[in-house]
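Spelled out from the first residue to the last, the chains are:
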Amino acid sequence: MAERLNHLWRIFGTGLSFLAFGLGGLALRLLVFPPLQWCVRDPRHRRRLVRRTVQRSFAAHVELMRRLGLLTYEIRHRERLQRDGLLILANHPTLIDVVFLISRLPNADCVVKSALARNPFTRGPVRAAGYVFNDDGAGLVDDCIAAVRRGGNLVIFPEGTRTRRDGPLHLQRGAANIAVRGRLDITPVRLSCTPMTLGKGEKWYRVPARRFHVVVDVQPDLEIAAFLDGAQGEALAARQLTDYLTQYFAAGGLRAVT
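Once a new chain begins, its residue numbering starts again from 1 and follows that chain's sequence as written. Totals for whole chains, interfaces and linings use every residue, but because this is a predicted model, local features are given only for residues with pLDDT of at least 70 and side-chain atom pairs only at 80 or more, for both listing and counting. No hydrogens and no water enter the side-chain calculation; it runs on all heavy atoms of the structure.

1. Some points on the packing of aromatic side chains
Part 1 of the argument: Stacked, tilted and edge-to-face pairs are distinguished by plane angle, under 30 degrees for stacked and over 60 for edge-to-face with tilted covering the rest, among Phe, Tyr and Trp rings (Trp via its six-membered ring) whose centres lie within 6.5 Å. Enumeration according to the criterion identifies 8 aromatic pairs in this entry.
Part 2 of the argument: Taking 5.6 Å as the distance between ring centres and 85 degrees as the angle between the ring planes, the aromatic pair formed by Trp 204 and Tyr 205 counts as edge-to-face.
Part 3 of the argument: Aromatic rings pair up to connect Phe 227, Tyr 244, Tyr 248 and Phe 249 into one cluster.
Part 4 of the argument: Taking NZ or CZ as reference, Arg 190 lies 4.6 Å from the ring centre of Tyr 248, over its face. Two thresholds decide whether a charge sits over a ring: the Lys NZ or Arg CZ must be within 6 Å of the ring centre and within 35 degrees of the ring normal.

2. A look at the pattern of salt bridges
Part 1 of the argument: Should a side-chain nitrogen of Lys or Arg be within 4 Å of a carboxyl oxygen of Asp or Glu, the pair is scored as a salt bridge. For the structure shown, the criterion picks out 9 salt bridges.
Part 2 of the argument: Between Asp 217 and Arg 76 there is a salt bridge, with the nearest N and O atoms lying 3.9 Å from each other. Separated by 141 residues along the polypeptide, Asp 217 in strand 7 (residues 212-218) and Arg 76 in strand 1 (residues 71-76) bring together distant segments of the chain.
Part 3 of the argument: A salt bridge links Asp 221 to Arg 83, with the shortest nitrogen-to-oxygen separation between them at 2.9 Å. Highlighted residues: Asp 221 in the loop between strand 7 and helix 7 (225-228) and Arg 83 in the loop between strand 1 and strand 2 (87-90), separated in sequence by 138 residues.
Part 4 of the argument: Each residue's exposure class comes from its accessible area (1.4 Å probe, protein chains only) as a fraction of the maximum for that residue type: buried when under 20%, exposed when over 50%, partly exposed otherwise. The class for Asp 221 is partly exposed, based on a relative accessible area of 33%.
Part 5 of the argument: The exposure class of Arg 83 is partly exposed, given its relative accessible area of 33%.
Part 6 of the argument: Through salt bridges with shared partners, one network takes in Glu 63, Arg 66 and Arg 67. Numbering of helices and strands starts at the N terminus; helices are DSSP runs of H or I of at least 4 residues and strands are runs of E of at least 2.

3. Digging into the sheet that holds strand 1
Part 1 of the argument: Taken together, 7 strands build an open sheet; the order of strands is 1-7-6-2-5-3-4 and the sheet is mixed. With partners counted over all chains shown, the strands left at the sheet margins are strand 1 and strand 4 (132-133), one partner each.
Part 2 of the argument: Two residues form a contact once any of their heavy atoms are found within 4.5 Å. Whenever a helix is involved, its axis is fitted only over the stretch in contact; in every case the axis is a line through C-alpha atoms, and angles between N-to-C directions fall within 0 to 180 degrees. Set on the sheet, helix 2 (residues 43-67) makes contact with strand 1 and strand 3 (108-112); between it and strand 1 the angle comes to about 135 degrees.
Part 3 of the argument: Along the sheet, helix 8 (residues 234-251) contacts strand 2 and strand 6 (186-194); its crossing angle with strand 6, the most-contacted strand, is approximately 35 degrees. When DSSP locates at least two bridges between a pair of strands, those strands are taken to pair.

4. Observations concerning the pairing of strand 2
Part 1 of the argument: Because side chains alternate across strand 2, one face comprises the buried residues Leu 87 and Leu 89, and the other comprises Ile 88 and Ala 90, equally buried.
Part 2 of the argument: Of the strand pairs in this sheet, strand 2 and strand 5 (residues 153-156) are connected by 3 bridges, and their pairing is parallel. Across the sheet, residue Leu 87 finds its bridge partner in strand 5, namely Leu 154.
Part 3 of the argument: Relative to strand 6, strand 2 is paired through 4 bridges, and the arrangement is parallel. Residue pairing across strands places Ile 88 opposite Thr 187, the latter belonging to strand 6.

5. Points about the packing of helix 6 (residues 174-182) against helix 8
Part 1 of the argument: At a minimum axis distance of 9 Å, the contact between helix 6 and helix 8 shows a crossing angle of 130 degrees. Relative to helix 8, the element helix 6 is oriented oblique. Considering the relative orientation of helix 6 and helix 8, their crossing is right-handed. Across the interface between the two elements, Ala 176, Asn 177, Ala 179, Val 180 and Arg 181 from helix 6 touch Glu 234, Ala 237, Ala 238, Leu 241 and Thr 242 from helix 8.
Part 2 of the argument: Among the residues forming the contact of helix 6 with helix 8, the class breakdown is 6 nonpolar, 2 polar and 2 charged. If an angle is under 35 degrees, it is roughly parallel; if it is over 145, roughly antiparallel; if it lies from 65 to 115, roughly perpendicular; otherwise it is oblique. The hand of a helix crossing depends on one turn: near helix anticlockwise from the far one by less than a right angle means left-handed, and clockwise means right-handed. As a working rule, the residues Ala, Val, Leu, Ile, Met, Phe, Trp, Tyr, Cys and Pro are called nonpolar, Asp, Glu, Lys and Arg charged, and the rest polar, with Gly in that last group.

6. Observations concerning the packing of helix 1 (residues 2-39) against helix 2
Part 1 of the argument: Between helix 1 and helix 2, whose axes approach to 11 Å, the crossing angle comes to 155 degrees. Considering their axes alone, helix 1 and helix 2 lie roughly antiparallel with respect to each other. The hand of the helix 1/helix 2 crossing is right-handed. The residues of helix 2 that touch helix 1, namely those facing Ser 17, Ala 20, Phe 21, Leu 28, Val 32, Phe 33, Leu 36 and Gln 37, are Arg 46, Leu 49, Val 50, Thr 53, Val 54, Ser 57, Phe 58, His 61, Leu 64 and Met 65.
Part 2 of the argument: Residue classes in the contact of helix 1 with helix 2 are distributed as 12 nonpolar, 5 polar and 1 charged.

7. Section: unusual backbone geometry
Part 1 of the argument: With an omega dihedral of -10 degrees, the bond running from Thr 194 to Pro 195 counts as a cis peptide bond.
Part 2 of the argument: Following the sequence through the fold, Pro 195 ends up in the loop between strand 6 and strand 7.
Part 3 of the argument: At His 77, a residue that is not glycine, the phi angle is positive and equals roughly 60 degrees.
Part 4 of the argument: Residue placement: His 77 occurs in the loop between strand 1 and strand 2.
Part 5 of the argument: A residue is classified by how much of its surface remains accessible, and His 77, at 37% relative accessible area, is partly exposed.
Part 6 of the argument: Although it is not a glycine, Arg 183 sits at a positive phi angle of roughly 55 degrees.
Part 7 of the argument: Tracing the backbone shows Arg 183 in the loop between helix 6 and strand 6.
Part 8 of the argument: Residue Arg 183 is classed as partly exposed on the basis of its relative accessible area of 45%.

Structure follows, in C-alpha cells:
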C-alpha cells in the first residue's frame, strides 16, 4: 500500500513540476524580463543578467523536484563548468538534461528550436537570453562559434534529440563542425539516469518504480588540436571527431541507463 501511494504521489509530483516549469517561464516573461529590458540598457550586461536568472530558476526547479521526492542527483567535477567560453557536449537520455546543465551555468547559451520562440511559456526566456536558434541554416555553425567566443557556455546535445533505448548511439556532425571550424576545445559531460524516465517517446506520467537518480559527470576537456593534426581538411577532421565522440560517449556509459 505504501509503495502504491508513493507511486501515485510521484505521478502527481511530476505533473506538478511540469506545471511549475511552464508557469515559471511565463512569470519570467511577464514579470522579470520586462523590467530588465527597461532598466539595463547595455545588451551584453542584460543578456548576462537574464542568463543568470534562468540559471537560478532552473536550479530552483531541480530543488523542487528533489523536495517532491521525484529524484536524487549528484554533480561530479562541477568546478570544470566554472569557466567562460566553453563548448559543452553532452548525451541526452532524458527530457530534463538541459535543466540540470543550465542550472550549473550562470552564462549558459543553447541551440534551441525556433518553435520555443513562439511558445508563450518559453519565448520570453529564450529570446531574452539570446540563445542560438537552429533555423539559421548555413549560418548556424558561425553563430555557435561566435557565441562561445563572446564568452558564453554553449550547450549542445550532438545526438540532436533524446537517446533511444534501442539501437546504436548516433551523433550528428554539427557539433564536431563547430569545434573544428572554431578551433574550440570540447568540455564533455556524461549524463545518466537510473532508472530511466522521461526518455524519447515516453509519457511524463510513466514514472519509474522508485525515485530516479541523475548523475552529471563533467569530464576533462578534449583538445581539438589532436583531431586537426594530420587531418586532410576540416570535413575529414569533423568526421573523425564525430566517430571518436560516438565511441567516447558509448564507452563512457552515456547511453540511457535502465
